[in-house]
Amino acid sequence: MTSPHEWLQQAREERWGLLVDLVFAIAWVTFVDLLFRVLEGPDWAYYMFMLLGIVAYFVFFASLELVDQDR
């Protein structure tokens with residue numbers, strides 16, 4: 001187990017990554033919510049799109065890493 005000091009130090013080192021994760025999550029949930037308010041889609045599709053946010057997150061950031069490797 002890590003001590004609180006080590007956890008805090010690690011959080012400070014990764015703060016921009018955490019912030020980007022939070023912004024992506026807020027943007028995805030807002031987009032899906034607005035889309036389904038306008039289209040009035042079924043509940044199962046709404047939850048499916050929310051789960052697809054997990055896939056979209058990993059695909060988006062994996063593509064960013066591939067672009068960085070190509071440079």
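Only a predicted model underlies this, so the values are computations on that prediction, with no experimental measurement involved.

Colleague: Explain the overall build of the chain to me, using residue names and the numbers behind them.
Modeller: A count of helical and extended segments in the chain gives three helices and zero strands. When its helices and strands are written in sequence order, the chain yields α-α-α. Taken over the C-alpha trace, the chain has a radius of gyration of 17 Å; the compact-globule value for 71 residues is 11 Å, which it surpasses by more than 25%. Each principal axis of the C-alpha distribution contributes one length, and for the chain these read about 45 × 35 × 20 Å. Considering the chain as a whole, with its 71 residues, one finds that 8% of them fall into the buried category.

Colleague: Go over the packing of aromatic side chains with me, naming the residues and quoting the values.
Modeller: Here the distance between the centres and the angle between the planes together describe a pair of aromatic rings. What the rule picks out here adds up to 11 aromatic pairs. Ring geometry for tryptophan 28 against phenylalanine 31: centres 6.2 Å apart, planes inclined by 50 degrees, an arrangement best described as tilted. Taken together, the residues span about one helical turn, with tryptophan 28 and phenylalanine 31 both in helix H2 (residues 15-39) at a distance of three residues. Overall, the relative accessible area of 21% leaves tryptophan 28 in the partly exposed class. Looking at phenylalanine 31, the relative accessible area reads 47%, which means it is partly exposed.

What counts as what
- Residues numbered from 1 in each chain as written.
- Predicted model: local features only at pLDDT ≥ 70, side-chain atom pairs only at ≥ 80, totals over all residues.
- Heavy atoms only, no water.
- Helix = DSSP H or I, 4+ residues; strand = E, 2+ residues; numbered from the N terminus.
- Rg over C-alpha atoms; globule rule 2.2 N^0.38 Å.
- Buried < 20%, exposed > 50% of the residue type's maximum accessible area, 1.4 Å probe, protein only.
- Phe/Tyr/Trp six-rings, centres within 6.5 Å; stacked < 30°, edge-to-face > 60°.

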